[in-house]
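A closer look at the structure
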Amino acid sequence: MFVSFFPQPKLFFWSVLGWAALCIGAWYLGASEIGPLIGLPHTDGELPVGVSRFWSADFIWFYIYFWVAVGLFYLFWSRFRPHPWARWSILGSALILFVTYFQVQVSVAINAWYGPFWDFIQNVLSKQVTATETDLYSQIGSFAGIAFVAMNVSVLNAFFVSHWIFRWRHAMNDFYMSHWPKVRHIEGASQRVQEDTMRFSQIMEGLGVAFIDSIMTLFAFLPLLVALSANITALPIIGPIEHPLVVAAIAWSVFGTLALIIAGMKLPGLQFRNQRVEAAYRKELVYGEDDAARAEPLTVKALFQNVRTNYFRLYFHYVYFNVVRYTYIQANGIFSLVIMVPSIAAGTITLGLMNQITYAFSQVTSSFQFLVNSWSTIVELLSVHKRLRAFEAAITGEELPDIDQRYLARRDAGAPDEVAAAP
């Protein structure tokens, strides 16, 4: 799964973490101050609220720093362990990471726009200031500039990611087909090469980007939430505490994550079995296209009964999982408002500040809730990973996973497919 696309995966991923930590540390220890030395002076005061912040001197210097670091990393690996897919696995992954960073900065820019805009609207509606239509259009245009740039970057990124995913699938396909004599006896081998490689690369990209996005969002918005906590001095029921918004965000996210893990504990195994019974049913139907002796009614009925049984188990376990999940998601939408009730009632925050707090709080809790938001996808990934691990085991001569051993034992003992594949 990984060796086909990344050079020496275990060492590679550890080196990614080490090099990233080194570059981040260097940035905060002084590299950020090099910009003014090469003609990119720091922005005086706060960054611009509108789209121009993305090409301010501070941002341009970070772009240069990021790609120089990536270039050095790529040059090292291209010489240390040359790999045919290195340009896509290293430079392509770096581009996806960079766009993820950019999209997080878009969220920061939108949050910076919220405060002044809604305070301005509040003052206009309360007749505290006088504004022309041009002033209002200018404020709206500032947001539109940010949104249009973000939209176009997202479209181009989606196009690139589609190619990146296919390259990983291509690498896995070539790797598995080069070992086809060793893996062809594995149940559903054709499906694992044709479909599971595609699903694995798609899910890994989606989850990886979501995880990196959560980390970056956390680093971007947690300091902002700490600063905004100065305006919220107490929490309902609990009362005054230090950094109440941060404490509430962490406690709420931990509660949701634990609840979802417990509720979804049985789902990965059921998803894996679901792929197995579907593969057995599909395989018999394919044989029946060319052989009149296959796909007999009793055999097909038994195979479909396995499919039915496993789906009904899935439906049952997803009922209480989704009850927990959607109850938490709905409650999450109003939780930030609940914790601001004492401050709103006391009139200590403005409309703009309330919107900034709500947006920043949602960003931080969403980062902490990575497992909550991604659990269904993680369940699917685990089931696909289990199927592809059987390929890895057959290629390297390791023992097959227990569930594959049981299937082969049943089949070798003469059991028909509908019995061998039974959950």
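Look up a bit, the structure's there.
Residues numbered from 1 in each chain as written. Predicted model: local features only at pLDDT ≥ 70, side-chain atom pairs only at ≥ 80, totals over all residues. Heavy atoms only, no water.

Below, the discussion takes up the overall build of the protein. Of the regular secondary structure elements, the protein holds 13 helices and 2 strands. Principal axes of the C-alpha set define a box for the protein whose edges measure 85 × 55 × 40 Å. Per-residue burial over the protein gives 43% buried out of 423 residues. Taking contacts inside the protein between residues at least 6 apart in sequence as the whole, the part at least 24 apart equals 78%. Accessible surface computed for the protein: about 22,200 Å², of which carbon and sulfur atoms make up 67%. (Helix = DSSP H or I, 4+ residues; strand = E, 2+ residues; numbered from the N terminus. Buried < 20%, exposed > 50% of the residue type's maximum accessible area, 1.4 Å probe, protein only. Contact = heavy atoms within 4.5 Å. Areas by Shrake-Rupley, 256 points an atom, 1.4 Å probe, with all protein chains shown as cover.)

Moving on: the environment of Ile-357. Mapped onto the secondary structure, Ile-357 falls in helix α10 (residues 351-368). We classify Ile-357 as buried; its relative accessible area is 0%. Beyond its immediate sequence surroundings of up to four residues, Ile-357 is in contact with Leu-228, Ile-232, Leu-245 and Met-340.

Turning to the packing of helix α2 (residues 57-80) against helix α3 (residues 86-125), a few remarks are in order. Contact geometry for α2 and α3: axes closest at 10 Å, N-to-C directions at 160°. Taken together, the axes of α2 and α3 are roughly antiparallel relative to one another. In the packing of α2 onto α3, the handedness of the crossing is right-handed. Here Phe-59, Phe-62, Tyr-63, Phe-66, Trp-67, Val-70, Phe-73, Tyr-74 and Trp-77 of α2 come into contact with α3, specifically with Ala-86, Arg-87, Ile-90, Leu-91, Ala-94, Leu-95, Leu-97, Phe-98, Tyr-101, Phe-102 and Gln-105. By residue class, the composition of the contact of α2 with α3 is 18 nonpolar, 1 polar and 1 charged. (Axes fitted to C-alpha atoms, helices over the stretch in contact; angles between N-to-C directions. Parallel < 35°, antiparallel > 145°, perpendicular 65-115°, else oblique. Left-handed = near helix turned anticlockwise from the far one by under 90°. Nonpolar A, V, L, I, M, F, W, Y, C, P; charged D, E, K, R; others polar.)

Let us look at helix α1 (residues 9-29). With 21 residues, α1 should cover 30 Å at 1.5 Å per step; its first-to-last C-alpha distance of 30 Å lies within 8% of that length. Among all positions of α1, only Pro-9, Phe-12, Ser-15, Cys-23 and Trp-27 are buried. Within α1, the buried residues cover an arc of 115° as seen down the axis, which keeps them to one side. Along α1, exposed side chains directed more than 90 degrees from the buried face belong to Lys-10, Trp-14, Leu-17, Ala-21, Leu-22, Tyr-28 and Leu-29. (Expected span 1.5 Å × (residues − 1). Arc of directions from axis to C-beta.)

Here Ser-107 lies in helix α3. The contacts of Ser-107, once residues within four sequence positions are left out, are Phe-221, Tyr-359 and Gln-363.

Looking now at the environment of Ile-238. The residue Ile-238 is located in the loop between β1 (234-235) and β2 (239-240) in this model. In this structure, the C-alpha to C-alpha distance between Ile-238 and Ala-302, residues 64 residues apart in sequence, is 58 Å.

Taken together, the side chains of Trp-19, Leu-22, Ile-34, Leu-37, Ile-38, Trp-55, Ile-60, Ile-64, Val-68, Leu-72 and Leu-75 make up a nonpolar region of the molecular surface, amounting to roughly 1,000 Å² of accessible area. Looking at the nonpolar patch, the elements with two or more residues in it are α1 and α2. When residues in the nonpolar patch are grouped by element, the largest group, 5 residues, is from α2. You can see Leu-72 is positioned in helix α2. Residue Leu-72 is classed as partly exposed on the basis of its relative accessible area, which comes to 48%. (Patch = residues over 30% accessible without salt bridge, like charges linked within 9 Å, V, L, I, M, F, W, Y side chains within 5 Å. Salt bridge = Lys/Arg side-chain N within 4 Å of Asp/Glu carboxyl O.)

Before going further, it helps to examine the packing of α1 against α2. With their axes 11 Å apart at the nearest point, α1 and α2 run at an angle of 150° to one another. As far as their axial angle goes, α2 and α1 are roughly antiparallel. Relative to α2, α1 is oriented so that their crossing is right-handed. Counted together, Leu-11, Phe-12, Ser-15, Val-16, Trp-19, Cys-23, Ala-26 and Trp-27 of α1 and Trp-61, Phe-62, Tyr-65, Ala-69, Leu-72, Phe-73, Trp-77 and Phe-80 of α2 form the full contact between these two elements. Among the residues making up the contact of α1 with α2, the classes are represented as 15 nonpolar, 1 polar and no charged.

This part takes up the nonpolar core. Of all hydrophobic cores here, the largest spans 51 residues; its most connected members are Phe-54, Tyr-63, Leu-225, Leu-245, Ile-339 and Phe-361. Of the residues forming this core, the biggest block, 12 residues, is contributed by α3. Filtering out sequence-adjacent residues up to four positions away, Phe-361 remains in contact with Leu-225, Leu-245, Ala-248, Ala-249, Phe-335, Ser-336 and Ile-339. Among the nonpolar cores identified, the runner-up in size contains 40 residues, and Met-1, Ile-90, Ile-96 and Trp-168 belong to it. (Core = buried A, V, L, I, M, F, W, Y, C linked by side-chain atoms within 4.5 Å.)

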